[in-house]
Amino acid sequence: MTRPLAIAMAEGVGAAIVPIDDPGSPTDFSPIWIDWPEVAGTIGRIERDDSPRWVWWPESTPRALVAVDVRPARSWDLGAVHRLLVGGWRNSPAAIWANCHGLDGASAPEPAGAPDLFSAAAEPVDEDDPIHASGHLSPEWLAGGWHVTPGRITRHAQLAAECFLRQQELVRAVGDAATVTATVYSESAAESLCAELEHDGLPIDLAVAEALIAGFIGPRPADAAHAHALAVERDERVLRHIPVDQRLDLRNPANVKAMLRRVGIEVSDTRAWRLEELRGDHPFVDDLLTWRKAERISTTFGYAWLDANVGGDGRLRGRWSGSDGAAGRMTATVGLHNMPADLRPAIVAEPGHVFVRADLGQIEPRILAAVSGDVALAAATQDSDMYAPVAARLGVDRDIAKVAVLGAMYGQTTGRGAEALRGLETNFPVAMAYLADAARSAEGGNDLRTRGGRLVRMGASSIDASDAEGRSRAAARGRYGRNAMVQGAAAEFFKTWAAVVRARLPPVDDRARIVLCLHDELVVHAPIEAGDAVARGLDDWLQEAAHRWLGAAAGPRVRFVADISVIARWSDAK
DNA sequence: TGCGGCTATTG
DNA sequence: CACAATAGCCGCAG
């Protein structure tokens, strides 16, 4: 049994550790205090000797540990568990505490702000007491960060220990305890990974990046005036097609629509995919689409983006979240998840290093086979291209089968795939019923839980079926819920894989690090000589992750596959 | 100044 | 533009 240790720390002050051995009264446990100079050494030694499960409040503690070069293997991230249990993205200590104590988050006390007419009569608060009279965590106490003391840090650790024991009980109450506990561990590991991704950053070659950007918008402007002049010049190349007295703002979609009408083109909106077919109708359209591309680079992925997010060490850094949003996928800022493919040649491994890139093949339909327990669909996953056997069963082309399967998971009701949907229902009735059940439940406003136990909240009443707008909202909820069960389980599986890779990389080469997670893709930065071993590892560790993830609940055998390559730059992958 | 609409990019 | 995300700019309400 891995020993749980609650930990809280503050840079420059020290760390408090509270052993959690007895579920009786954790706040009575004797805490261990470590002064700042000894923090890295002592915690590193405990990690090596005992490998405990560290229990912590989210975000600051894992980041503080990475900053002192401690990367614990096992954790129980109270924020990750809270998000799993109650859904949504909140992970503040106040919200975690409230849920652990059966309190309504809405009744939480507001922090006392600047004195005004109404707060003048408020009762004085004791800033040394963490518990408010309402039972919630005291906002004044939480806000007392300016006065960080060993006593206060120790109290944080004790409160974390208390929440851990409550969360353990809540986790046991959610579905299959082994599955949910396994998810808690991998979700917590993902939070550690997020802290590490923020710390390590993604290698980027600045010279290559600048050259690529220059290809779209020209060389770096000397000053603001020059930048403005270049922007006017770019605008002019599009507006030249419009009479001078009728030129409008290219950044205003309504104006663009009006100018399109001026050149004889009538559209309901001006999105690129719609204008693409009209490229040949008038040169204005072609120049407009080129302008849009350049404008996007200029505003979102231009020189300012490099200046703001690339460090002096040539690493691109953004904020990472282990489970934001609806179904619990990882998210990242500053374009780490939506960088245009055109800029990817700038993501280059450092000298003496390679990227080992692996992406899961057809992850969502494979996950659907697993979570639904559909034996026929699981049989199809034995093929490295599972759409081929599905197409054979349906008697349609592979592309039709693929669109139909994706359509079923997204809730599509029209188009090419809709006809093949009936074939899916007769050949894979278990999987289709699983999706239909999720959709029906969500339409009615009922919350769902993913296989790993994540609550997917609908936040809507079931009385919406009276009018057209209400039916439309209900249908949207149905599509959302149907997809969340698959996308969410896929996210949980991906994080299981990432957690295994994170745990297994150091023995192969402790300089090999995960530098990017992209929903179904992992990028590891490794010394050249470790590249092949890491590549073999990624596949082995995928099988290990599949074994763990599938093993936690009964179901047919499902095969997972990955495409793995050892490359110098991100864009080199197929 | 905050928010919804529109747009672009990715999985 | 099915499901999800981040992020920029614009117009408009307050």
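What follows is about the protein's contact with DNA strand C. Around DNA strand C, a shell composed of 22 residues is seen, among which Trp273, Val334, Gln412, Arg479 and Tyr480 lie nearest. In DNA strand C, the atoms that sit within 4 Å of the protein are 68% sugar and phosphate, with bases accounting for the remainder. Between DNA strand C and tryptophan 273, the relevant distance is 3.2 Å, taken from a base nitrogen to a side-chain nitrogen or oxygen of the residue. Separating a phosphate oxygen of DNA strand C from a backbone N or O atom of valine 334 is a distance of 2.7 Å.

Moving on, we get to helix α7 (residues 177-200). The terminal C-alpha atoms of α7, which comprises 24 residues, lie 34 Å apart, in line with the 34 Å expected from a rise of 1.5 Å per residue. Buried residues dominate α7, accounting for 18 of its 24 residues. One or two positions beyond α7, positive phi appears at glycine 201, with a value near 75°.

Quick look at the pairing of strand β10 (residues 353-360) now. Among the 8 residues of β10, 7 are classified as buried, and the element is accordingly described as predominantly covered. Direction of pairing for β10 relative to strand β14 (residues 521-527): antiparallel, over a ladder of 7 bridges. In the strand pairing of β14, arginine 357 is matched with valine 523. Relative to strand β15 (residues 562-567), β10 is paired through 6 bridges, and the arrangement is antiparallel. Residue pairing across strands places alanine 358 opposite isoleucine 564, the latter belonging to β15.

Here the focus is the sheet that holds strand β1 (residues 4-10). In spatial order, the strands read β3-β2-β1-β4-β5; together these 5 strands make up an open sheet with mixed pairing. On the outer flanks of this sheet lie β3 (32-35) and β5 (74-77), each paired with one strand and no other. Within this sheet the neighbouring strands show an average axis-to-axis angle of 25°, counted without direction. Sheet topology places β1 next to strand β4 (residues 53-56); 3 bridges connect them, and they run parallel. What sits directly across from leucine 5, in β4, is tryptophan 54. Contacts from helix α1 (residues 36-50) reach β1, β2 (14-19), β3 and β4 within the one sheet, and its direction differs from that of β3 by about 125°. Those strands touched by helix α3 (residues 78-86) are β4 and β5, and its axis lies near 55° from that of β5.

For tryptophan 54, the position within the fold is in strand β4. Here tryptophan 54 falls in the buried class, since its relative accessible area comes to 0%. In sequence terms tryptophan 54 and isoleucine 17 are 37 residues apart; their C-alpha atoms lie 9.2 Å from each other. A distance of 2.8 Å separates a polar atom in the side chain of tryptophan 54 from a polar atom in the side chain of glutamate 47.

Another point: the sheet that holds β10. One open sheet accounts for 4 strands, arranged β13-β14-β10-β15; its pairing is antiparallel. Each edge of the open sheet is held by one strand with a lone partner, namely β13 (513-517) and β15. Across this sheet, the average inter-strand angle for adjacent strands is 20°, counted without regard to direction.

Here we come to the environment of arginine 477. Looking at where arginine 477 falls in the secondary structure, it is placed in helix α20 (residues 468-508). For the pair formed by arginine 477 and alanine 442, sequence separation is 35 residues and the distance between their alpha carbons is 5.6 Å. In terms of polar contacts, arginine 477 uses its side chain to reach the backbone carbonyl oxygen of alanine 442, at 3.1 Å.

To continue, consider the protein's contact with DNA strand B. Neighbouring DNA strand B are 19 residues, the closest being Thr270, Arg271, Ala272, Arg292 and Asp520. Here the atoms of DNA strand B within 4 Å of the protein split so that 83% fall in sugar or phosphate, with bases taking the remainder. Alanine 341 is positioned such that a nitrogen or oxygen atom in its backbone is 3.0 Å from a phosphate oxygen of DNA strand B. A distance of 2.7 Å separates a sugar or linking oxygen of DNA strand B from a polar atom in the side chain of aspartate 520. Take the surface near DNA strand B: its biggest share by element is 3 residues, from helix α12 (residues 283-299).

On to the confidence of the model for chain A, then. Interpretation of this model should avoid reading the predicted coordinates in detail wherever pLDDT is low. Counting all residues, the mean pLDDT for chain A is 93, and 95% of those residues have values of 70 or more. In this model, residues 114-121 is a region of pLDDT below 50 whose contacts with residues beyond four sequence positions or in other chains number 1 contact.

Among the nonpolar cores identified, the biggest contains 101 residues, and Ile367, Val524 and Phe560 are the most heavily contacted of them. When residues of this core are assigned to their parent elements, the largest contribution, 12 residues, is made by α20. Beyond its immediate chain neighbours, meaning those up to four positions away, isoleucine 367 contacts Val486, Ala489, Ala490, Phe493, Trp549 and Phe560.

Rules used throughout
Residues numbered from 1 in each chain as written. Chains lettered and ligands numbered in written order. Predicted model: local features only at pLDDT ≥ 70, side-chain atom pairs only at ≥ 80, totals over all residues. Heavy atoms only, no water. Near = heavy atom within 4 Å. Polar contact = N/O pair within 3.5 Å; in protein donor to acceptor, adjacent residues only side chain to side chain. Helix = DSSP H or I, 4+ residues; strand = E, 2+ residues; numbered from the N terminus. Expected span 1.5 Å × (residues − 1). Buried < 20%, exposed > 50% of the residue type's maximum accessible area, 1.4 Å probe, protein only. Pairing = 2+ DSSP bridges. Axes fitted to C-alpha atoms, helices over the stretch in contact; angles between N-to-C directions. Contact = heavy atoms within 4.5 Å. pLDDT = per-residue confidence, 0-100. Core = buried A, V, L, I, M, F, W, Y, C linked by side-chain atoms within 4.5 Å.

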